[in-house]
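Residue-level structural notes
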Amino acid sequence: MFLFSLVFLSLSVHGLAQQTFFPAAIPLAVRSPYLSCWDATVTGANFGKTWPTTATGNSSDVLSVDALVRVDGLTYSFLGDIPGANTTVNLTNTLVTPTQTIVTAVAGPIQVNLTFLNPIEPGDFIKQSIPFSYMSLTVKSLDGNTHSVQVYSDVSGEWLSGDRNHEIMWSQPVDPDVIFHTVGLQQPAVFTEIQTQAEWGTLYYAMKAGNAVTWKIARDITSRGAFMANGSLDNQEETDFRAIRNNFPVFAISQDLGNIQSTQVPVVWTVGYTTDPAINYTDIPDSIQQRSLFFRSKYADDRSLIAEFLNDFTDATSRAQTLDSKIQQDATSISPQYWDLVSIASAQVYGSTQLTIGTDSKGNFNTSDVMMFMKNVGGTNSNRVNAVETLYAAFPMFMYIDPSLGAPLLEPLLRWQVSPAHTSTFAAVDLGSTYPSVTGSNTDHTEGIEQSGNMLIMVYAHARATGDGSLISRYYPLLTRWADYLLNSTLFIHDQSSSDGLTVANQTNLAIKGIIALEAMSKMSAIVKESGDASKYSTMATNFYNEWKSLALDTDQHLLAVYGNAGSWTLGYNLFADVWLGTNLVDSSVLNGHASFIDNLASTSSLASFGLPVDSLNSDTATTISSWNLFAAAMTPNTNLRDNLISRVHARASFNDSRGAFPLNYDSTRGYTIGGVASPAQGAMYAPLALKVPVRSIVGAGNGAGSSSSLKKTSHGGAIAGGI
């Protein structure tokens, strides 16, 4: 088994000891649901002799990208299962941060560092929306001598379709500054997926041009064989377009570094996958809007995008290191294991999203019409759009790193639910189940308290983190509709279910979410100067809480799973919202009493090896949901419990006997994956850090009495104060 260490790359600066870490998959190029390439690091996997895949880790889901290093005439395979290479590099370390994966290996007499950079760009909608990643390589002599070094990488058409029998076509445009391969399907199918892969995108593989940079488009064994034999390529392409699996055509770029002791600057490739249009959105009033990724507002052609993205590599690396350093500083103040969790979770969240822009009546891009869509990656239905419980779990990460994204994430949910097509008195569960087509959802459901509470909490959390109250004022009638629903349903619960699948009446954890949401609504009413509403919701929230407390607690002050069910318990993760929002409804005696009970349970229960189940009544009490364990860790004043829960979830994040990226649902004693592979709900790992976000003075709210049925598209563009 290989050793994987999860640490910040600037160890020499921060003086951190390396930590052992054994994830089942590490992110390579992960920027969107359709640019999501991972390397399997499960037990038995041999880095350098296996192909990268989608987040599932299944060998049938290959996304071919490879790397070869030729040293003094001998070729070493660094990435990918490449026959014909003289040998494989000797892996020595892997570092993962929120933005980078850095793999270090030895190839004979040299050390090689291969880095994948997936930028996170707070406050910059253009850069954040670009579905491109960097792959860079540096070398250093280990014996002090110079060595002849050449490097090579290619990608295949496997990135273009889940059906490898589909035929592809390609081009290699002549450009004096950039070498880039352009690859697409011969018969694209817009807004269609096969095996979670988009069927209408364009794949790019690129590098800056130079005298020692060569390229080739040919059958895989032909292109790789030419590099192994010559250390360079012949700048030629095959012209017989064909199926992806038919003599696998690959798109290669190599560079001859000459006789060197070390690289002075990194060798940089970029891989990108664009879809245009990106999202098919049903807008108010039931008009179909084909939305593009936000970067299209700046880049009319992909050549200029690729050139500028490559030119930005040095600055992008600097920004990424600054962001990583800030997150590391905050996370390690909690625990080194916690830094591991936020690092491994970040790619899963951002890799599930697409930041889009709409058009005006003349067809021009409208930078005031910004929406972000989240694919429910890893879910039972992975094509759910902005699944509210998933977004709610991920929201602490956005509020910590880039709260300006909160409004574009909430906007499509809010806009849809003020349309005449949506008539429910409670919040929807999602925007439909046909990603990337966003049709809205009028499906009746039994999660009215769950999802209405989630929406109210997120809207208020966004206002506190950004100081922007515009969502509150624009959608105030909708927010009060949900709050009024909670007034009539949240204390004594009947015919309701939680997102965890519990359907019994009078669930204490679900009830407290609705009560906290009412107090949040009171705060929002005060912001828009609706004093009558503010008083009503606050009074009712306080009254509900007092009655809830008389029903929900056992004698030791821990939360029962259901009112009056002595001996039962719940993780009680919904208490987190009270701490996060500063609503301060919940007594410290309740928080402390519940924390003591859960701490003891986690330390003594046979079910808690990898975290606690959500309650004692769930039909499967051996299932842990990692997101809610981190909510529980964040809400507690008991640092022993916080560290205990973090340690147990960390044990599963570093468990590599099950394939795929860090799962949301898994067996709490044996660790095997149940569901939620690569789920964006892992943004909940940031829940403890979300408590560190400064609370902003909320401005721009206006009065909330206006009708939200006459909405206009309102800007969410540009950076907003808050977060990192």
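Everything in this summary refers to the structure shown in the same document.

What counts as what
- Residues numbered from 1 in each chain as written.
- Predicted model: local features only at pLDDT ≥ 70, side-chain atom pairs only at ≥ 80, totals over all residues.
- Heavy atoms only, no water.
- Phe/Tyr/Trp six-rings, centres within 6.5 Å; stacked < 30°, edge-to-face > 60°.
- Helix = DSSP H or I, 4+ residues; strand = E, 2+ residues; numbered from the N terminus.
- Buried < 20%, exposed > 50% of the residue type's maximum accessible area, 1.4 Å probe, protein only.
- Salt bridge = Lys/Arg side-chain N within 4 Å of Asp/Glu carboxyl O.
- Axes fitted to C-alpha atoms, helices over the stretch in contact; angles between N-to-C directions.
- Parallel < 35°, antiparallel > 145°, perpendicular 65-115°, else oblique.
- Left-handed = near helix turned anticlockwise from the far one by under 90°.
- Contact = heavy atoms within 4.5 Å.
- Nonpolar A, V, L, I, M, F, W, Y, C, P; charged D, E, K, R; others polar.
- Pairing = 2+ DSSP bridges.
- Core = buried A, V, L, I, M, F, W, Y, C linked by side-chain atoms within 4.5 Å.

Details of the packing of aromatic side chains
- Under the definition given, this model contains 24 aromatic pairs.
- When the ring of Tyr134 is compared with that of Phe313, the centres are 5.1 Å apart and the planes differ by 70°; the resulting orientation is edge-to-face. Of this pair, Tyr134 sits in strand E11 (residues 132–141) while Phe313 sits in helix H5 (residues 313–332), and the two are 179 residues apart along the sequence. Each member of the pair Tyr134 and Phe313 is classed as buried.
- Residues Trp628 and Phe631 carry aromatic rings whose centres are separated by 5.1 Å and whose planes lie at 70° to one another, so their mutual orientation is edge-to-face. Residue Trp628 and its partner Phe631 are both found in helix H16 (residues 626–635); the two are separated by three residues, about one turn of the helix.

As for the pattern of salt bridges
- One pass over the structure, following the stated rule, counts 27 salt bridges.
- We note a salt bridge from Arg291 to Asp369, for which the minimum N-O separation is 3.2 Å. Of the two residues, Arg291 sits in strand E24 (residues 287–293) while Asp369 sits in strand E26 (residues 365–374), which places them 78 residues apart along the sequence. With respect to burial, Arg291 and Asp369 carry one shared label: buried.
- We note a salt bridge from Asp643 to Arg642, for which the minimum N-O separation is 2.9 Å.
- The exposure class of Asp643 is partly exposed, given its relative accessible area of 30%.
- Look at the salt bridges and you will find they share partners, linking Asp66, Asp154, Asp220 and Arg224 into a network.

Quick notes on the environment of Gly406
- Within the secondary structure, Gly406 sits in helix H8 (residues 406–417).
- Judged by its relative accessible area of 0%, Gly406 is buried.
- Once the C-alpha coordinates of Gly406 and Leu391 are considered, the two residues, 15 residues apart in sequence, prove to be 9.9 Å apart.

Side note on the packing of helix H9 (residues 448–466) against helix H11 (residues 476–487)
- Running from N to C, H9 and H11 point in directions that differ by 135°, and their axes come no closer than 10 Å. One way to sum up the angle between H9 and H11 is to call them oblique. Considering only the axes of H9 and H11, their crossing is left-handed. On H11, the residues that touch Gly448, Ile449, Ser452, Gly453, Met455, Leu456 and Val459 of H9 are Leu479, Trp482, Ala483, Tyr485 and Leu486.
- Among the residues forming the contact of H9 with H11, the class breakdown is nine nonpolar, three polar and no charged.

Observations concerning the sheet that holds strand E5 (residues 67–71)
- The mixed open sheet is built from seven strands, whose spatial order is E7-E6-E5-E12-E21-E18-E19. Sheet topology places strand E7 (87–88) and strand E19 (236–237) at the edges, where each strand pairs with a single neighbour.
- With ten bridges joining them, strand E12 (residues 147–156) and strand E21 (residues 249–260) adopt antiparallel strand pairing. What sits directly across from Ser148, in E21, is Asn259.
- Contacts from helix H3 (residues 220–230) reach E5, strand E6 (74–79), E12, strand E18 (213–219) and E21, with the element oriented near 145° to E18.

Examining the nonpolar core
- Counting residues in each nonpolar core, the largest one holds 217 residues, and the members touching the most others are Phe78, Trp159, Phe398 and Trp548.
- When near neighbours in sequence (up to four residues on either side) are disregarded, Trp548 contacts Leu491, Thr508, Ala511, Ile512, Ile515, Leu559, Tyr563 and Leu575.
- Grouped together as the second largest cluster of nonpolar side chains are nine residues, Val30, Trp38, Ala661 and Val677 included.

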